[in-house]
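# Residue-level structural notes
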There are 2 protein chains.
Amino acid sequence: MIEEKIAVVGTGRMGANIARRLKDKGFVLSAVYDAHRPAAEALGVELGVAVPERLAEVSALASIILTVVTDDRAMDAIFSSSGDSLLAGGHAGGRLFVNCATVSPGMHVEVERRARAVGAEVLEACMASSIPQAREGTLYLMCGGAVSSFERARPVLEALSASMRHVGGTGRAAQLKALVNMVMNMNTAALAEGLGLAEALGLDLAMVREVFSQTGANSRVLQTDGEDMQNRDHACFFSGAHAAKDSGIALALAEEAGLVLPLAQATKAQFDRLVAAGKGELDKSGIAELTFLSRRS
Amino acid sequence: MIEEKIAVVGTGRMGANIARRLKDKGFVLSAVYDAHRPAAEALGVELGVAVPERLAEVSALASIILTVVTDDRAMDAIFSSSGDSLLAGGHAGGRLFVNCATVSPGMHVEVERRARAVGAEVLEACMASSIPQAREGTLYLMCGGAVSSFERARPVLEALSASMRHVGGTGRAAQLKALVNMVMNMNTAALAEGLGLAEALGLDLAMVREVFSQTGANSRVLQTDGEDMQNRDHACFFSGAHAAKDSGIALALAEEAGLVLPLAQATKAQFDRLVAAGKGELDKSGIAELTFLSRRS
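Note that this is a predicted model, so its numbers are computed, not measured.

## Some points on the sheet that holds strand β3 (residues 64-67) of chain B
All names here are of chain B. Pairing is mixed across the open sheet formed by 7 strands, whose spatial order is β2-β1-β3-β4-β5-β6-β7. Pairing within the sheet leaves two strands with one partner each, and these edge strands are β2 (28-33) and β7 (161-168). Direction aside, the axes of adjacent strands within the sheet are offset by 25 degrees on average. The pairing of strand β4 (residues 96-99) with strand β5 (residues 121-127) spans 4 bridges and is classified as parallel. What sits directly across from N99, in β5, is E124. In the packing of helix α8 (residues 172-200) onto the sheet, contacts are made with β5, β6 (139-144) and β7, and the angle to β6 comes to roughly 135 degrees.

Here you go:
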């Protein structure tokens, strides 16, 4: 078996931690890249890895390329059919692109089409966890694509995850991720309303959170975000802007299907409001800044 | 210590199970009563307990009276200042009324005022659990009122609950219960939207529920209602109509406080829609009947 050489494209918080984790686990890391070059250079120095100036060089240097970019637009750009891209320069043949960004299902399908045209494979690996889990290799991964591509990526994915599963063909993982985040965002906005009303009533919020945890009001976001909402500790693990984006992806899928989802819409509107207030880079727990009377600006 | 004689007013599913549980645990059950007399008579025969025709007689026969009625209107009626009521006939002095119904905080305060005027005590004992927990004595109870009344009721409450706590003065428990149910209802309506969209996308719902359970989309209602939503098993533990009512209580508190809660409003509107469709007596999981394309009538 030929040893795979790994590259990471998109060295934001998630991508950088994925690169660190793979280095720690002994993988051959051959390149890192970011459209914001200083971020990639800092990581390249930290890890002793090449920082190519062009995306085409990344495909020349690596056999498995993990992409962790921001959105559909960025995804479209790195897999562009013209100019510099991961598919340019004739280096992409035989490469496996493991796409970890939360982008729309349709974008994954389009990228697969372009990659196959030059003899490359793609796999979706959607991450339903956050920064610390990336660093510690305890992500929850949902993968979509050919089973053979999933098996090729398995050693790398196992180093990154506490749990992973193949959920179907290309685009399925993105659909599921959009669903997960849509529900998570609704539960988050709901919790913020509950705690905001509790504060308005003069109830002790620690007591309220404890009661919530014992009852039908309990949720994962109560555990992850409840205390942060109370303490206004909105250090960012998953930003309000990302929440708005992911709810938007899910709502677009709903609209295509002819489904009206009132809570998902109300949630998207709340996160949009947070972004419009210039607070989109707060953690999603920051949505509580909109539901506490005492925090009205 | 004089042995307390217990009565239960309101013998619907919750009240009847509370009476059965107290009988099982060896309490002296001296009367049961329901405005719908046949329900009370059936329970009276089952438990070998008196079934007075008038509320005033209930107060004559018992020292601790648990009330488990439907809503503010029923609560107002059983504690009426005129006509037949628990406070009429001069029997209420020294009685402790333990009020378990989910009614508005203001109603609890008003009932306390009327009861004190005739020398009786009241305690709120709001139940954040459902029918099976009542039968098994594993309710989660939130109590509001004087600490002395809480202590007097303690042996009875301990027989009914797995966990209980005193959360403040009269009205506080109702506030907290309204908050718990408001958040539970939002999470329920959110889950129904997630599963409805999953079905529209052709995803396997059992797989989706399993992924939800491993991620930020997890919640108590996913555990209690997720499979029921998938299987359309809406046998009633907590009805859609009750959900609409409780969300309404919480929204009224929010409005008084000057708080706008968009998700709580959207949730109330969904449960109102369920009721308007003649499906208010389905379990709250029935909200999924509104979010699955295949279930559109």
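## Looking at the sheet that holds strand β2 (residues 28-33) of chain A
Residue and element names in this part refer to chain A. Pairing is mixed across the open sheet formed by 7 strands, whose spatial order is β2-β1-β3-β4-β5-β6-β7. Because the sheet does not close on itself, it has two edges, and the strands there are β2 and β7 (161-168). Sheet twist, expressed as the mean angle between neighbouring strand axes with direction ignored, is 25 degrees.

## Regarding the pairing of β4 of chain B
For a regular strand, side chains alternate in direction, first toward one face of the sheet and then toward the other. Residue and element names in this part refer to chain B. Burial along β4 is two-sided: the face carrying L96 and V98 and the face carrying F97 and N99 are both buried. Looking at chain direction, β3 and β4 are connected through 4 bridges and run parallel. By the bridge assignment for β4, T67 is matched with N99. This β-α-β element, β3 to helix α4 (residues 72-78) to β4, shows right-handed connectivity. Between the parallel pair β4 and β5, the chain is carried across by helix α5 (residues 105-117), and the sense of this crossover is right-handed.

## What to know about the relation of the copies chain A and chain B
The two chain copies are related to each other by a rotation about an axis together with a translation along it. Of the transformation superimposing chain A on chain B, the axial component is 0.0 Å and the angular component is 180 degrees, with the fit at an RMSD of 0.0 Å. What the superposition gives is, in effect, a two-fold axis relating one chain to the other. Ranked by how close their C-alpha atoms come to the rotation axis, the residues of chain A are headed by S219 of chain A, at 1.9 Å. A shared binding surface is used by both copies, with 100% of the interface residues of chain A retained as interface residues in chain B.

## So, helix α12 (residues 262-276) of chain B
End to end, α12 of chain B covers 21 Å across 15 residues, agreeing with the expected 21 Å (1.5 Å per residue, within 8%). Along α12 of chain B, the residues that are buried comprise L263, A264, A266, T267, K268, Q270, F271 and L274 of chain B. Buried positions along α12 of chain B lie against α8 (172-200) and α12 (262-276) of chain A together with α8 and α11 (240-257) of chain B. Of the residues flanking the end of α12 of chain B, it is G278 of chain B, one or two places downstream, whose phi is positive at about 80 degrees.

## Quick word on helix α5 (residues 105-117) of chain A
Since the α-helix packs 3.6 residues into each turn, any two residues three or four apart lie on the same face. Residues and elements named next belong to chain A. For α5, spanning 13 residues, the distance from its first C-alpha to its last is 19 Å, which sits close to the expected 18 Å at 1.5 Å a residue. Those residues of α5 lying buried are P105, M107, H108, V111, E112 and A115. One side of α5 holds all its buried residues, which, seen down the axis, span an arc of 155 degrees. Opposite the buried face of α5, by more than 90 degrees, sit the exposed residues R113 and A117. The secondary structure elements touched by the buried residues of α5 are α4 (72-78), β4 (96-99), β5 (121-127), β6 (139-144) and α8. A positive phi of about 80 degrees marks G119, the residue just after α5.

## Remarks on the domain arrangement of chain A
Residues and elements named next belong to chain A. Taken domain by domain, chain A holds domain 1 (5-169) and domain 2 (175-295). Computed over C-alpha atoms only, the centres of domain 1 and domain 2 are separated by 29 Å. Taken together, the contact pairs 10 residues of domain 1 with 9 residues of domain 2. Residue composition of the side of domain 1 that touches domain 2, grouped by class: 6 nonpolar, 3 polar and 1 charged.

## Considering the environment of I249 of chain B
All names here are of chain B. On the secondary structure map, I249 appears in helix α11. Spatially, the C-alpha atom of I249 lies 8.6 Å from that of Q175, the residues being 74 residues apart in sequence. When near neighbours in sequence (up to four residues on either side) are disregarded, I249 contacts S104 and A178.

## Comments concerning the interface of chain A and chain B
Contacts between chain A and chain B engage 54 residues on the former and 54 residues on the latter. Considering every element that reaches the side of chain A that touches chain B, the biggest residue donor is α8 of chain A, with 18 residues. Partitioning the side of chain A that touches chain B into residue classes produces 37 nonpolar, 15 polar and 2 charged.

## Observations concerning the confidence of the model for chain A
Overall, the predicted model of chain A reaches an average pLDDT of 95, with 99% of residues at or above 70. Two summary scores accompany this predicted model of the complex, namely pTM at 0.86 and ipTM at 0.86.

## A look at the packing of helix α1 (residues 13-24) of chain A against helix α7 (residues 147-160) of chain A
Residues and elements named next belong to chain A. Between α1 and α7, the shortest axis-to-axis distance is 9 Å and the interhelical angle comes to 105 degrees. On the basis of their axis angle, the class for α1 and α7 is roughly perpendicular. Residues I18, R21 and L22 of α1 pack against V156, A159 and L160 of α7.

Rules of the game
Each chain has its residues counted from 1, following the order in which its sequence is written. Written order decides the labels, with chains lettered from A and ligands numbered from 1. Only residues with pLDDT of at least 70 are given local features in this predicted model, and only at 80 or more are side-chain atom pairs given and counted; all residues enter the totals for whole chains, interfaces and linings. When DSSP finds two or more bridges between two strands, those strands count as paired. A run of H or I in DSSP becomes a helix once it reaches four residues, and a run of E becomes a strand once it reaches two; helices and strands are each numbered from the N terminus. In this description, a line fitted to the C-alpha atoms serves as the axis of each element, helices being fitted only across the stretch in contact, and the angle between N-to-C directions of two axes falls anywhere from 0 to 180 degrees. Distance between backbone-placed C-beta atoms decides contact: two residues are in contact if it is within 7 Å. Buried, partly exposed and exposed are defined by the number of other C-beta atoms within 10 Å of a residue's own C-beta, namely 20 or more, between the two limits, and 12 or fewer respectively, with C-beta atoms placed from the backbone. Call a crossover right-handed when, viewed with both strands pointing away from you, the route from the first strand across the helix to the second goes clockwise. Only residues with pLDDT of at least 70 in both copies count here: their C-alpha atoms drive the least-squares fit that superposes the copies. Expected helix span is taken as 1.5 Å per residue step, with the number of steps being one fewer than the number of residues. The arc in question is formed by the directions pointing from the helix axis toward the C-beta atoms. Marked domain ranges trace back to an automatic or database domain assignment. Just so you know the grouping, Ala, Val, Leu, Ile, Met, Phe, Trp, Tyr, Cys and Pro go in nonpolar, Asp, Glu, Lys and Arg go in charged, and all remaining residues, Gly too, go in polar. The quantity known as pLDDT measures the predictor's confidence residue by residue, on a range of 0 to 100. Our angle categories are set so that under 35 degrees counts as roughly parallel, over 145 as roughly antiparallel, 65 to 115 as roughly perpendicular, and the remainder as oblique.

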